[in-house]
Amino acid sequence: MAEVIVIGGGVGGMASALLLACRGHRVRLYEQLPRLGGKLAEHRRDGFTFSMGPSLLTMPALFRDLGLERELVEPAELCRYRFADGSTLTARRDPELMAAEVERLAPGEGAAWRAFHAWAEGCLRAAGRTFFAGPLGRPPREARPQDLLAVAPARTLDGLARRFFRDPRLRQYVGRYATYAGSSPYRAPAALACVPALEHGQGGWYVPGGLPRLAEDLAALLKEAGVDVHLSAPVEAVTVDGGRVTGVRLAGGGHERADVVVANVDAAALYGRLLPDRRRFRRLARLGPSSSAFLLMAGVEGRTPGLSHHTVLFSGDYEREFADIFDRREPPYDPTVYVGCSAVDDPGQAPDGTENLTMLVNVPARDPGRWRVGVDAYRDLVLERLAGRGLDLSGRLRFVDVLTPADLRDRYGAWAGAIYGSAYRGRLAPFLRPGNRGPKRGLYVVGGTAHPGGGLPMVTLGAHIVTDLIGHDFTHPHPTAQGGGTGR
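Because the structure is predicted, anything quoted here is derived from the model rather than measured.

Considering the overall build of the protein chain
1) Next: Within the protein chain, the regular secondary structure consists of 15 helices and 17 strands.
2) Next: The C-alpha radius of gyration computed for the protein chain amounts to 22 Å, which stays within 12% of the reference 23 Å derived for 488 residues, consistent with globular compactness.
3) Next: Each of the three principal axes of the protein chain carries a C-alpha extent, and together these read 60 × 55 × 45 Å.
4) Next: Counting every position in the protein chain, which comprises 488 residues, the buried fraction comes to 59%.
5) Next: Considering only contacts within the protein chain whose residues lie at least 6 apart along the sequence, 72% involve residues at least 24 apart.

Comments concerning the sheet that holds strand 9 (residues 244-250)
1) Next: Pairing is antiparallel in the open sheet, where three strands are placed in the order 8-9-10. Among the strands making up the open sheet, the edge pair consists of strand 8 (235-241) and strand 10 (255-257). Going from strand to strand, the sheet's axes swing by 30° on average, the running direction of each strand aside.

Remarks on the sheet that holds strand 15 (residues 354-363)
1) Next: Judged by pairing direction, the sheet is mixed, and its seven strands sit side by side in the order 6-5-13-14-15-12-16 without closing on themselves. Of all strands in the sheet, those bounded by a partner on one side alone are strand 6 (88-91) and strand 16 (397-403). Within the sheet, the average angular offset between the axes of one strand and its neighbour, ignoring direction, is 20°.

Some remarks on helix 1 (residues 11-22)
1) Next: Compared with an ideal rise of 1.5 Å per residue, which puts twelve residues at 16 Å, helix 1 spans 16 Å between its outermost C-alpha atoms and is within 8% of the ideal.
2) Next: Extensive coverage of helix 1 is indicated by the burial of eleven of its twelve residues.
3) Next: Taken as a whole, helix 1 has its buried residues at Val 11, Gly 12, Gly 13, Met 14, Ala 15, Ser 16, Ala 17, Leu 18, Leu 19, Leu 20 and Ala 21.
4) Next: Those residues of helix 1 hidden inside the fold are in contact with strand 1 (3-7), strand 2 (26-30), helix 2 (61-65), helix 9 (213-225), strand 11 (260-263) and helix 15 (456-473).

Side note on the environment of Leu 381
1) Next: Among the secondary structure elements, Leu 381 is positioned in helix 13 (residues 375-388).
2) Next: On the basis of relative accessible area, Leu 381 is assigned to the buried category, the value being 13%.
3) Next: Here the alpha-carbon distance between Leu 381 and Ala 450, two residues 69 residues apart in the chain, equals 34 Å.
4) Next: Every residue in contact with Leu 381, bar those within four places of it in the chain, is listed here: Pro 332, Tyr 333 and Pro 335.

Digging into the pairing of strand 15
Side-chain positions along a regular strand alternate between the two faces of the sheet.
1) Next: Taking burial as the measure, the ten residues of strand 15 include nine buried ones, the bulk of the element.
2) Next: Sheet topology note: the strand 12 (residues 292-301)/strand 15 ladder contains ten bridges and is antiparallel. Each residue of the ladder has a partner; that of Ala 298, found in strand 15, is Leu 357.
3) Next: By the bridge criterion, four bridges tie strand 14 (residues 337-340) to strand 15 in an arrangement that is antiparallel. Counted as the bridge partner of Val 339 is Met 359 from strand 15.

Remarks on a positive patch on the surface
1) Next: A contiguous patch of positive charge on the surface is contributed by Arg 278, Arg 279, Arg 282 and Arg 286.
2) Next: Looking at the element boundaries, Arg 279 is found in helix 11 (residues 278-287).

Quick look at the packing of aromatic side chains
1) Next: Tallied over the full model, the rule gives 17 aromatic pairs.
2) Next: Between Phe 50 and Phe 399, the ring centres sit 6.1 Å apart and the planes meet at 85°, which makes this aromatic pair edge-to-face. Note that Phe 50 is positioned in strand 4 (residues 48-51) and Phe 399 in strand 16, a separation of 349 residues in sequence.
3) Next: Centre to centre, the rings of Tyr 177 and Tyr 180 are 5.1 Å apart; their planes meet at 55°, and the pair counts as tilted.
4) Next: For Tyr 180, a relative accessible area of 31% gives the class partly exposed.
5) Next: Joined through ring pairs, the aromatic side chains of Tyr 81, Phe 83, Tyr 173, Tyr 177, Tyr 180, Tyr 186, Phe 314, Tyr 318 and Phe 322 make up one cluster.
6) Next: Directly above the ring of Phe 399 sits Arg 45, whose terminal nitrogen or CZ lies 4.2 Å from the centroid.
7) Next: The ring of Tyr 333 carries the charged tip of Arg 385 above its face, separated from the ring centre by 4.4 Å.

Side note on the nonpolar core
Among soluble globular proteins, nonpolar side chains are generally buried collectively.
1) Next: Tyr 81, Leu 89, Phe 116, Trp 119, Tyr 173 and Val 262 are the most contacted members of the largest nonpolar core, which totals 98 residues.
2) Next: Beyond its immediate stretch of four places on either side in the chain, Val 262 contacts Val 4, Ile 5, Val 6, Ile 7, Ser 16, Leu 20, Tyr 444, Val 446, Val 466 and Ile 470.
3) Next: Ranked by size, the runner-up nonpolar core spans 37 residues in total, among them Leu 296, Trp 371, Val 382 and Leu 391.

Calculation criteria
- Residues numbered from 1 in each chain as written.
- Predicted model: local features only at pLDDT ≥ 70, side-chain atom pairs only at ≥ 80, totals over all residues.
- Heavy atoms only, no water.
- Helix = DSSP H or I, 4+ residues; strand = E, 2+ residues; numbered from the N terminus.
- Rg over C-alpha atoms; globule rule 2.2 N^0.38 Å.
- Buried < 20%, exposed > 50% of the residue type's maximum accessible area, 1.4 Å probe, protein only.
- Contact = heavy atoms within 4.5 Å.
- Pairing = 2+ DSSP bridges.
- Axes fitted to C-alpha atoms, helices over the stretch in contact; angles between N-to-C directions.
- Expected span 1.5 Å × (residues − 1).
- Patch = residues over 30% accessible without salt bridge, like charges linked within 9 Å, V, L, I, M, F, W, Y side chains within 5 Å.
- Areas by Shrake-Rupley, 256 points an atom, 1.4 Å probe, with all protein chains shown as cover.
- Salt bridge = Lys/Arg side-chain N within 4 Å of Asp/Glu carboxyl O.
- Lys, Arg positive; Asp, Glu negative; His and termini not counted.
- Charge placed at Lys NZ, Arg CZ, Asp CG, Glu CD.
- Phe/Tyr/Trp six-rings, centres within 6.5 Å; stacked < 30°, edge-to-face > 60°.
- Lys NZ or Arg CZ within 6 Å of the ring centre and 35° of its normal.
- Core = buried A, V, L, I, M, F, W, Y, C linked by side-chain atoms within 4.5 Å.

So, in structure tokens, the structure goes:
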């Protein structure tokens, strides 16, 4: 069995450490923060609790397979969308109810949504046999020749939406799924449209007490499995001898030896600092960073009638919004705003008679000090846009705390504050992300900036892929793929 060091205690790193320990490897985990969980974090103030990272859980079976047994709650609505003209679309998990909602919003389009959902289900099945099934590179044995066509490789997400829907509001709704990967729907691949098949098939779930409770559960499982966890222990470098890793050098001094290093860190930090690799870093730079987040966490007096757990308030000009983010690299003047209120389903998240509103806007991965507008001014602009779309918080705010791209960069080592590492720019972008095998024997990469992508289920799938790769590579002393598709 191998001596394994995991760098980073985000969900991908925790899941990797747990799976490897359960296979008999000796595992040590080093986390630079004083807690585990990475971006699966929360902010507390004056009796209010806010989730600062993921707001819902999909593919819950992945986490049960890790041994998590916490009860989950399914909100009554997947999401409520409000468009610039004041119309609304309530996303229901049941596909027939969803089709009826689409028909109510845009008469004649219900059948189009059924066709879109059927396409998404086929795309998800194809991705399950290929993209999600293993590392980048040669297709798994389960793959079928038609799987490539099933993901509409020649289309962008917006192009796919135009194929199915005439109503521009429905195209905007489909385009929203690009933001799940920090990307623009006008450049991201159509394959991202498999996400609604997950939501309508397996649901979007909430963890009572907040999603960060999952990190606590994983930490307890790590302890049971015998993983040696070191907090407040930043790693300075991955050490190598010739073509293989030898361990890590800690920022506080000292060298820890290992046969395997699993890097659950931003790929730009890995190849820019921990194990400098100019070619791989340039590849990331060509792709460009994903979007970042401007997060407002507000303690609000009173309850908003009819407020959903998840609400999206769309901008009036979606193309301009993404041009602002990715071309002009400025926070959008007319942003789409996600509003989360976990107190809708979990009253203990806020004091009686109040709400905990988490408001998220997609912004460029860039230091806010270089924006044309300051952080305080942009906070006020977001609140003004909310008021103009029917959610006026004037006179109701107890406080508003802000998280910016600079905070994401400084807390988590995120590349320029990007949430998901590199953006999905172009139809083949998912296949250009860093692979799970590194350029040195014994180095593996997991987490939201590597294959298969960001989000709780994707980083957990990545942990399974890395665990299987390590099992294969240490059974076969000379693995055939140390670079190429698996080592990007």
